[in-house]
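Commentary on secondary and tertiary structure
Chain residues, written in single-letter form:
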Amino acid sequence: MRTCRLLKRPFVLLLGTGLLFGCAFDDTLRAYLNAHFWLPFAKSAANFERRNVRRISAPFAGMAVAEGGHLAGLRSAYQKISTPDPLDRPPEVSVPRQALEAARADPSLTKREREEVALLDAKVDMRAASPQDAELLERAKKKLIAFLATARTPEFRSEARGWLAHIDYLLGDQTGAGKIYLDELNRDGSNLSRETLLNSLRLNYGYDGGPELLSHLQEYFDTPEHAAFAIQLVTNPHWTTGGDRFPRDNSEIEAQTYSRVVKLLEAHRELLRSKNGVNTLALLTMRTALRMGDPAGAKKIADSIPSDDQIHAQPDFNWMLASSNFLSHDYAAAEAPLLGLFRSPLASESQKAAAAYGLCGVYQKTGNTTEQLRYALWLYSGARKNQMWLSTGLSDLSVYWAVSGWDLNLLLETDASVDQLRSFVSQNPDLQDIGLVKYSLAVRLTRENRYSEAADIYQSIHALRRAPRIRRLADLYSEANRTDLNDSQRNEAKLRLAEFLSANPDRIYYNDALWHGLQRYALEAEHDDRLTRRERDAMIASERKLQDDQEERWRAYLILREVIGSDTTYLRPKAATLALECLRGISDRFGRQEEIRKADIELRLLR
Amino acid sequence: MRFIPLCFVLSTSLLLSACAVSSWSQQPGRQLTTAFWYWQGSSVDPTWSSQPVDAVFVQVGNIRSDRPGGGTERWFAYGDLPKDLPPARDYWLVYRFDGTGVPDVQVAPIIGEEISQLQATAQDRNLHVIGVQLDIDSPTGSLVQYARFLHEVRTKLPSGLRISITALLDWFRSGTSVDGVINEVDEFVPQFYDLSDPTGYGRKAAITAQVDAVRWGPVFNRFGKPFRIGISTFGRARAVPVAANSGTAKYARISLFGDVGLMDIATNSAFEIETSRDPANELVLTFRAKHETRIDYNRFGPGDAIQFILATPESVRSAVDNVRRMHGNLIGVAFFRWPATEDTLAMQPEEVLAAAGNTPQHPKPARVEVVNGHCAAVQCGDIYLMGADPFFPKETHYEIRSSANFEYFLPEHNMPVRILSPSQLDLSLPAYCGRGRLYLGRAITATRSEFTVERQ
């Protein structure tokens, strides 16, 4: 009993945690119909890192092994205060300060060692200051600036720049700190680790730099690299996902912001051309235009670039060109840049996913269901391979993966015809996860009463439970449709067919490989406000048809109605009883509530 | 001879001051300062373009305690400045205590530290914080303890900050220790609303208590300290079973009913409406069930009712007029509370200020606001109606026109709006439902569209 009690608590905790994770699910569907989907890619510090930067890893000032003499004493004293206090309490620095005096007075120190002492002087002040002690931090900062004016040792200079940035960060100078971190990130010979710099940039700017970056934007136009970083960060996309029930229209505020950005870009046109040619300026201006909700403006910039310009190979350019076309409702024109992005060796996996999902949107609009299926399947395979279960949105590029899989599911269930599925399977036999398409084709064939064909496919893909079940169904169906039987025999055969269907809910017409119990959340065309009227009407109709076609009990009921309505009266009570069981077993989600209610009343009288 | 000019000056001064007093006492339109409580849930409409109010009492946090493992009581005070605040000349940071009794003095330094940090944050945002208000419903028998607590809090606050407290009317009856409490503060705010439990056996629906200036003026003025008067501008819904009115079941439970809005009931044909006014001139809308019906998980039998009690311009005007007569150390009124954006029961700030006589009464015509839904392949927008008359006693029709034909329109749940023609919507707004910012639904058009509204 004691063991049971001991085990009970962790078990409950485990169960609760499992339920928590089990309850959250991704509901991405037709995300390309949201304008935010087409915003420029989110950028973080890692996107501004130059490749193959050569870094060094030398000990910081004061952290080398202490061997003897005054410098050793100083190092030893500094090492005692070098670890920050978890409660941010400033350390006692009288001992290191005394050691500093002693080391400064030591005539035997080399030039390098003297630089180390000077840097330690600044570092001791910095350690002594609490984050709110502006005066002491400013003193340390002055020492670091003076140090950088004269010091020659590269690793100490790099370290000093890092501390200078750190002090700027503590003093709330986002711009000063950010520029130093960014420069160090791409400086050969930097003694600061890549991880430290990326973390520092993330801490300094967050996702988009906030109001601080916006108000200091013009200060970044000292170098093209700083300007490109600042503009791209400040134009990082945002996507409100409906948490605010009564969202405000921020378009006027955003328009003012981005109009300011455009003016800055115009004013510093030559700076941005100077290093990288026209590309940087074009990309930044397109990005800003799209962010402002001006796809026509972005398209105009793209159209002005010669077709042989190397910018056409850039993933960002292709994405933004596709966006400006899609948002301008020129869906066909969005195809080429999306294909370019998908095939580009420069594109990351997430950028390829964006292209693939964008292509799903293009092909939905242009009616190319086969290609839509291709890219939806690619996304499905990729999301599973990368073990993506939830999408959080644009900031981490996860929304492009269509993690829910519902876009593919609806293609397989309703949007693609049986012939299109069959043709896709035969033309792409080796495509990853083609087995899922085959399984879905088989399900679709059963819904059309083409049981033998379906059973063959199940057999070929080793669906060991469905294959024999569908073969049995094929026999029963065949029997119920024999023309050489009399009415009584045929109705008895129909009754047997209906009994078989009602005894196998979700095992014949329902595609159990796709939905994992979440189908009801995907069949929402009636509430989807991103569709044209024609699309919406068509989707509502196809969702209704899907629900009718896949519900074994409903189909059994329809067969039983034929039996009840026939002249074979002795079968009526049995058929009515079974029909009633079928109707009462159908979930509320199926709909047709009024019809079912009336039928229930009628059937009760016939039992 | 030298005394004559002095006497002349003295008598002239006396005469002038008498005139000033009498003219002041004869100024029914004397401008009181107006303040709002900005509570958890309150939100600022970005289209609020009126002048800054005099003061805002911002609920920043709560004082609470726990007893881990049944041991020693621990005290906490957490505070956070809301992201959006209405523009005001002065801000007060309010800490509320929801418990019974009085907080322990050990929480005073914690409050002090929190206030320091909040003050720094407020400074960064250019908010002029002038004090702290403690909203503590101390039992009348614990006022001595409360005074000690206030004394301790003052010693821990940053210098220069004032202390205000909300006050219960029961404190001011004779024989209590309220003098000690008032002594410790710089101002106090007696509240003339929710004097009794709205779910209690007394069954009174009213929120607002009538302000008897003749009775209360001398009571509040005797302390020689500035005071404001708290006036209700919010509303409430409660479920009233039929037995509560008939007296057949003595303890039939009246419960506060926050689950459902005025529109949800007004559009439900199972209910019929009765209207009345309480003694404070609040509007009481009683929706009585004609037959058995359910709303969500709540079951209503025939005769059961849902009652909405709403502040009105008349109730606010009457209260403010009565408050003015208190004179003396009265500095103004404080309204509870600034509404949330989707609040359909509280009065909007511009309504309140107009009723209080602070701003001229120019009711704005009805207008629509469209919030972009950011759809990629169609134009989609959320349509809001504003400026409808919240106290109109009959159903009103509004015609909303679009410059482009609708692909379709998805109305908000329970919103009685329908497509009248390819480019027109008809809204049948039930009586008394035109309050605040009404979300009508989402409009989908193929091309960009402009919307206008006309009352029929």
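Keep in mind it's a predicted model, so treat the numbers as computed, not measured. (Residues numbered from 1 in each chain as written. Chains lettered and ligands numbered in written order. Predicted model: local features only at pLDDT ≥ 70, side-chain atom pairs only at ≥ 80, totals over all residues. Heavy atoms only, no water.)

Considering the side chain of S391(A)
All names here are of chain A. Of note, S391 is situated in the loop between α18 (369-385) and α19 (406-415). Residue class for S391 comes out buried when judged on its relative accessible area of 19%. At a separation of 3.5 Å, a polar atom in the side chain of S391 contacts the main-chain amide nitrogen of V399. Excluding its chain neighbours within four sequence positions, the residues that come into contact with S391 are D26, T28, S398, V399 and V403. (Helix = DSSP H or I, 4+ residues; strand = E, 2+ residues; numbered from the N terminus. Buried < 20%, exposed > 50% of the residue type's maximum accessible area, 1.4 Å probe, protein only. Polar contact = N/O pair within 3.5 Å; in protein donor to acceptor, adjacent residues only side chain to side chain. Contact = heavy atoms within 4.5 Å.)

Quick look at the nonpolar core
Note that soluble globular proteins tend to have their nonpolar side chains buried in a common cluster. Residues and elements named next belong to chain A. One finds W38, W319, L338, Y400, Y458 and L473 to be the most contacted residues of the largest nonpolar core, which totals 118 residues. In terms of residue count, the dominant contributor to this core is helix α17 (residues 349-366) (nine residues). The residues contacting L338, other than those within four sequence positions of it, are W38, W319, A322, A355, G358, L359 and V362. (Core = buried A, V, L, I, M, F, W, Y, C linked by side-chain atoms within 4.5 Å.)

Notes on the pairing of strand β16 (residues 330-336) of chain B
All names here are of chain B. Within β16, six of the seven residues are buried, leaving the element largely enclosed by the surrounding structure. Sheet topology places strand β1 (residues 33-38) next to β16; four bridges connect them, and they run parallel. Each residue of the ladder has a partner; that of F36, found in β16, is F335. The pairing of strand β8 (residues 227-232) with β16 spans six bridges and is parallel. (Pairing = 2+ DSSP bridges.)

Remarks on the pattern of salt bridges
All names here are of chain A. For the structure on display, the rule yields 64 salt bridges over all chains. Between E184 and R187 there is a salt bridge; the shortest N-O distance is 2.7 Å. With a relative accessible area of 0%, E184 lands in the buried category. One salt bridge connects K494 with E562, and the closest N-O pair in it is separated by 2.8 Å. With K494 in helix α24 (residues 487-502) and E562 in helix α27 (residues 552-565), the pair connects residues that are 68 residues apart, well separated along the chain. Here K494 falls in the buried class, since its relative accessible area comes to 18%. (Salt bridge = Lys/Arg side-chain N within 4 Å of Asp/Glu carboxyl O.)

Side note on the packing of α27(A) against helix α29 (residues 593-606) of chain A
Residues and elements named next belong to chain A. Look at α27 against α29: their axes get within 13 Å of each other, and the N-to-C directions meet at 45°. Judged by the inter-axis angle, α27 sits oblique to α29. Here α27 and α29 pass one another in a crossing that is left-handed. Of the residues in α29, those in contact with W554, Y557, R561 and I564 of α27 are E595, I596, A599, E602, L603 and L606. Classifying every residue of the contact of α27 with α29 by side-chain character gives seven nonpolar, no polar and three charged. (Axes fitted to C-alpha atoms, helices over the stretch in contact; angles between N-to-C directions. Parallel < 35°, antiparallel > 145°, perpendicular 65-115°, else oblique. Left-handed = near helix turned anticlockwise from the far one by under 90°. Nonpolar A, V, L, I, M, F, W, Y, C, P; charged D, E, K, R; others polar.)

Topic: unusual backbone geometry
Residue R337(B) is reached from F336(B) by a cis peptide bond, and omega for that bond is 15°. Of note, R30(A) is a non-glycine position whose phi angle comes to about 50°, a positive value. Residue R30(A) is classed as buried on the basis of its relative accessible area of 5%. For N414(B), which is not glycine, the phi dihedral falls at a positive 70°.

Observations concerning the interface of chain B and chain A
Each partner contributes residues to the interface: chain B has 26 residues there, and chain A has 25 residues. For the pair chain B and chain A, the two sides together bury roughly 2,100 Å², of which 53% comes from carbon and sulfur. The largest contributions to the chain B side of the interface with chain A come from A376(B), A377(B) and Y408(B), which together make up 29% of the buried area. Summed over the shared surface of chain B and chain A, the number is one salt bridge. (Buried area = accessible area lost by both parts, 1.4 Å probe.)

Observations concerning the state of the cysteines
All names here are of chain B. Under the counting rule described, the total for this entry stands at one disulfide over all chains. The side chain of C375 participates in a disulfide bridge whose partner is C380; the two sulfur atoms lie 2.0 Å from each other. Measuring handedness by torsion sign, the sulfur bridge of C375 and C380 sits at about 100° and is right-handed. Summarising the burial analysis for this pair, C375 and C380 share the class buried. (Disulfide = S-S within 2.5 Å.)

Quick look at the pairing of strand β6 (residues 162-167) of chain B
Residues and elements named next belong to chain B. Counting buried positions along β6 gives five out of six residues, so the element sits mostly inside the fold. Inspection of the sheet shows strand β5 (residues 129-136) paired to β6 by four bridges, in the parallel sense. What sits directly across from G131, in β6, is R162. In this region the chain leaves β5, passes through helix α3 (residues 143-156) and returns to the parallel neighbour β6; the handedness of that crossover is right-handed. Inspection of the sheet shows β6 paired to strand β7 (residues 187-190) by four bridges, in the parallel sense. Residue T166 lies in a different strand from β7, and its bridge partner there is V189. In this fold, the crossover linking β6 to β7 by way of helix α4 (residues 178-183) has right-handed handedness. (Right-handed = clockwise from strand over helix to strand, strands pointing away.)

Overview of the domain arrangement of chain B
All names here are of chain B. Split by domain assignment, chain B resolves into domain 1 (18-232 + 313-355), domain 2 (237-310) and domain 3 (367-455). Every contact between the two is made by 10 residues of domain 2 and, on the other side, 10 residues of domain 3. In total, domain 2 and domain 3 occlude about 830 Å² of area from one another, counting both sides; carbon and sulfur atoms represent 75% of this. Considering only the side of domain 2, the residues that lose the most area to domain 3 are M263, T267 and L283, jointly responsible for 49% of the buried surface there. In this structure, the connection of domain 2 to domain 3 is made through zero salt bridges. Run the count over domain 2 and domain 3 and you get one residue pair in polar contact (both at pLDDT 80 or more). Elements represented by at least two residues in the side of domain 2 that touches domain 3 include exactly α7 (262-266), β11 (271-277) and β12 (283-289). Residues belonging to the side of domain 2 that touches domain 3 are distributed by class as follows: seven nonpolar, two polar and one charged. (Domains from an automatic or database assignment.)

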